[in-house]
Amino acid sequence: MESVRALIVDDSSVMRKIVARSLRQAGIDLSQTLEAGNGAEALGLLRENQVDLILCDINMPVMDGLEFIKQLSTIEKAKGVPVIMVTTEGSESHVVQALSSGARGYLRKPFTAEQVKEHVVPFLGVKS
Amino acid sequence: MKPATEMLAAGHRHENWIPLLDVAVREVFELMLGCHLTEWSPEHDAVLDLTAMVGLAGQMCGLLSLRCDQKSAALMASKMLGLEPETVGPEMADALGEVCNMIAGNFKNKISGMGNGCMLSVPTVITGTDYNVYSNADSPGLEVRLLFENEPVIISLQIRG
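What comes next is a walk through the structure. The residue numbers shown here count from 1 along each chain, following its written sequence. Key to labels: chains lettered from A, ligands numbered from 1, both in the order written. Only residues with pLDDT of at least 70 are given local features in this predicted model, and only at 80 or more are side-chain atom pairs given and counted; all residues enter the totals for whole chains, interfaces and linings.

## Describing the overall build of chain A
This is how the line gets drawn: Secondary structure follows DSSP: runs of H or I at least 4 residues long count as helices, runs of E at least 2 residues long count as strands, and numbering of each begins at the N terminus. In this treatment the radius of gyration is a C-alpha quantity, and the globule benchmark scales as 2.2 Å times the residue count to the 0.38 power. Residues with at least 20 other C-beta atoms within 10 Å of their own are called buried, those with 12 or fewer are called exposed, and the rest are partly exposed. The C-beta atoms themselves are positioned from the backbone.
Per the secondary structure count, chain A includes 5 helices and 5 strands. Tracing chain A from N to C terminus, the helices and strands come up as β-α-β-α-β-α-β-α-β-α. The C-alpha atoms of chain A give 13 Å as radius of gyration, which agrees with the globular expectation for 128 residues (14 Å, within 12%). With respect to the principal axes defined by its C-alpha atoms, chain A has extents near 35 × 30 × 25 Å. With 128 residues in all, chain A has 44% of them scored as buried.

Pasting the structure below:
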């Protein structure tokens, strides 16, 4: 499996660490993990860094996850990078809104490592 | 199960949501902390001096709170982060807030028709026991008492619907 550079966006530092650990437990080799506390911070990081995967919460201060996805298309380095929403907001309207804005997948908290594998690995082109 | 809109409109007292709240709490602890919560009993009483709160707005308005003591909160954070409880620092409040947030989200997603119509606030955590909460709830609150590693945790939901 090729190593992956991931950006994890969540206002909870604890949750960012849990997501990173779950990715490793899912068998994903993380060569680099960038962390941002909101969408605006994440956009700033993406202007300077190339990543292969973005995992993003929805409810965050400053800039939420849905607005972040909308603005992602303005960043050249982020084009084509799969975005997976990881959030407690599991409603149908949120899922539809996130997917229509460009998210590739949706993972509801609480989650298992198996669910992380199921929702993330397919977008990395890795056989599960 | 009746849809949430029907129950809220009819002024039901929501007691039949207690099992859903109980399951929502247990699932979060099992999936995210790898712990099975056990039944509460009075001899496990303690001073619950940490309170995490998440607001609900929209179709169902209210406040979900999670109360525990510092030892339990440190243990939650240690299990979430894979650290020794003694080494947990400022992450403790963050972890407690996230647990509360996930319980609130998990609970509302279990109620038919509520997922789309109810939004959650970001969590707030306060310390101490000498405070009053003034909510705009218009019905008796729901409460679930359980034991986490033999320490009490109390989850309460005040609803205005």
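Next, the rest of the story.
## Topic: the interface of chain B and chain A
When the parts come together, some accessible area is lost, and that loss is often what is quoted as the size of the interface. Definition in use: For every residue pair, C-beta atoms are placed from the backbone, and the pair is scored as a contact if these atoms sit within 7 Å. Any residue that is not Ala, Val, Leu, Ile, Met, Phe, Trp, Tyr, Cys, Pro, Asp, Glu, Lys or Arg is counted as polar, Gly included; the first ten are nonpolar and the last four charged.
Between chain B and chain A, the residue contacts involve 23 residues of the former and 20 residues of the latter. Top element by residues in the side of chain B that touches chain A is helix H4 (residues 91–110) of chain B. It accounts for 11 residues. Of the residues that constitute the side of chain B that touches chain A, the class distribution is 11 nonpolar, 8 polar and 4 charged.

## A few points about the packing of helix H3 (residues 65–72) of chain A against helix H4 (residues 92–101) of chain A
All names here are of chain A. Test applied: Every angle, taken between N-to-C directions, lies between 0 and 180 degrees, and every axis is a line fitted to C-alpha atoms, over only the stretch in contact when it is a helix. Roughly parallel means an angle under 35 degrees; roughly antiparallel, over 145; roughly perpendicular, 65 to 115; everything else is oblique. Crossing handedness: left-handed means the near helix sits turned counterclockwise from the far one by under a right angle, and right-handed means the same turn made clockwise.
Two numbers describe how H3 lies on H4: the axes approach to 9 Å, and their chain directions differ by 15 degrees. As the angle between them shows, H3 and H4 are arranged roughly parallel. For the element pair H3 and H4, the recorded crossing hand is left-handed. Taking contact as the criterion, the partners of Leu-66, Ile-69 and Lys-70 in H3 are, on H4, Gln-97, Ala-98 and Ser-101. Of the residues that constitute the contact of H3 with H4, the class distribution is 3 nonpolar, 2 polar and 1 charged.

## Let's talk about the packing of helix H2 (residues 18–33) of chain B against H4(B)
All names here are of chain B. For the pair H2 and H4, interaxial distance at closest approach is 8 Å and the crossing angle is 130 degrees. By the criterion of interaxial angle, the relationship of H2 to H4 is oblique. The chirality of how H2 crosses H4 is right-handed. Here Leu-20, Leu-21, Val-23, Ala-24, Val-25, Glu-27, Val-28 and Met-32 of H2 come into contact with H4, specifically with Val-99, Met-102, Ile-103, Asn-106, Phe-107 and Lys-110. Residues of the contact of H2 with H4, tallied by class, amount to 11 nonpolar, 1 polar and 2 charged.

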